[in-house]
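# Descriptive structure summary
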Amino acid sequence: MQADAVAGPFKIPESVLVVIHTPALEVLLIERADAPGFWQSVTGSKDLVDEPLALTCAREVAEETGIMIGSAAVPADALVDWNLANHYEIYPRWRHRYEPGVTHNTEHVFGLTVPAGTPVRLAPREHTGHCWLPWREAADRCFSPSNAEAILLLPRFVGVPQT
């Protein structure tokens, strides 16, 4: 596949995880439509092999929550690359979305600070519910271990002592 080629029918096994939070460390979680009870932060794969990760974040956050990175309410610098990457085995139930033989994904972790009360508009085909929770409670609710671990790192990345 050329570096600028579109992914085609299969997902690219490189994605982003965006921990959306308020300055008070309330974390937004969204519930998957295809897996009720599976709560997570915003995640999504690159659309193009050479798509910049910040663009992947902005696209996925807008598609999944309606929050617009780069708007007056959520400036572009509110998105912070935590310079963390998780390499994990793709859950068998979702492997059909990837090329045959692809079993692992690399997920890049970002944080996004939004004002308290930021409205959320879900994509109903992808997510059925959302909630804002204190960071520890949000970590406990996540089905994905890498998502929970990222949320537990939140105070470190925003310079707040863990109490």
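The structure displayed is predicted, hence computed values, not measured ones.

## A closer look at the side chain of Ser15
Among the secondary structure elements, Ser15 is positioned in strand S1 (residues 14–21). Excluding residues that lie within four positions of it along the chain, Ser15 makes contacts with Gly44, Ser45, Tyr88, Asn105, Thr106, Glu107 and His108.

## A closer look at the nonpolar core
Counting residues in each nonpolar core, the largest one holds 19 residues, and the members touching the most others are Val18, Ile20, Val61, Ile67 and Leu112. Mapped by element, the contributors of at least two residues to this core are S1, strand S2 (26–32), helix H1 (53–65) and strand S6 (104–113). Leave out the neighbours within four places in its chain, and Leu112 touches Val18, Val19, Ile20, His21, Val61, Ile67, Ile69, Val74, Ala78 and Leu79. In terms of nonpolar packing, the next biggest core, distinct from the first, is built from 18 residues, Leu17, Trp39, Trp82 and Ala150 among them.

## Considerations on the pattern of salt bridges
Charged atoms that come close allow side chains of opposite charge to pair. Applying the stated criterion across every chain yields a total of 7 salt bridges. Between Lys46 and Glu14 there is a salt bridge; the shortest N-O distance is 3.2 Å. Separated by 32 residues along the polypeptide, Lys46 in the loop between strand S4 (42–45) and H1 and Glu14 in strand S1 bring together distant segments of the chain. Judged by its relative accessible area of 23%, Glu14 is partly exposed. A salt bridge links Arg32 to Asp34, with the nearest nitrogen and oxygen atoms 2.9 Å apart. Judged by its relative accessible area of 34%, Asp34 is partly exposed. A cluster of three or more residues bridged by salt bridges with shared partners is formed by Asp47, Glu51, Arg59 and Glu60.

## As for H1
Given a rise of 1.5 Å per residue, 13 residues ought to cover 18 Å, and the 18 Å separating the end C-alpha atoms of H1 matches this to within 8%. Listed in full, the buried residues belonging to H1 are Leu53, Thr56, Cys57, Arg59, Glu60, Val61, Ala62, Glu64 and Thr65. Looking at the buried residues of H1, the elements they touch are S1, S2, S4, strand S5 (79–89), S6 and strand S7 (127–134). At the C-terminal side of H1, Gly66 shows a positive phi close to 80°.

## Let's talk about the packing of aromatic side chains
One pass over the full model with this rule turns up 6 aromatic pairs. Here Phe38 and Trp94 contribute two aromatic rings whose centre-to-centre distance is 6.4 Å and whose plane-to-plane angle is 80°, an arrangement assigned as edge-to-face. Here Phe38, found in the loop between S2 and strand S3 (39–40), pairs with Trp94, found in the loop between S5 and S6; they are 56 residues apart in sequence, far enough to count as distant. Residue Trp94 is classed as buried on the basis of its relative accessible area of 9%. Ring centres 4.4 Å apart and planes at 5° place the aromatic pair Trp82 and Phe157 in the stacked group. With Trp82 in strand S5 and Phe157 in helix H4 (residues 154–158), this pair connects stretches of sequence that are 75 residues apart. Judged by its relative accessible area of 26%, Phe157 falls in the partly exposed class. Through a chain of ring-to-ring contacts, the aromatic side chains of Phe38, Tyr91, Trp94 and Phe143 assemble into a single cluster. The residue whose ring lies beneath Arg32 is Trp94, and the NZ or CZ to ring-centre distance is 4.3 Å. Its end group placed over the ring of Trp39, Arg141 keeps NZ or CZ at 5.2 Å from the ring centre.

Reading the values: rules and limits
- Residues numbered from 1 in each chain as written.
- Predicted model: local features only at pLDDT ≥ 70, side-chain atom pairs only at ≥ 80, totals over all residues.
- Heavy atoms only, no water.
- Helix = DSSP H or I, 4+ residues; strand = E, 2+ residues; numbered from the N terminus.
- Contact = heavy atoms within 4.5 Å.
- Core = buried A, V, L, I, M, F, W, Y, C linked by side-chain atoms within 4.5 Å.
- Buried < 20%, exposed > 50% of the residue type's maximum accessible area, 1.4 Å probe, protein only.
- Salt bridge = Lys/Arg side-chain N within 4 Å of Asp/Glu carboxyl O.
- Expected span 1.5 Å × (residues − 1).
- Phe/Tyr/Trp six-rings, centres within 6.5 Å; stacked < 30°, edge-to-face > 60°.
- Lys NZ or Arg CZ within 6 Å of the ring centre and 35° of its normal.

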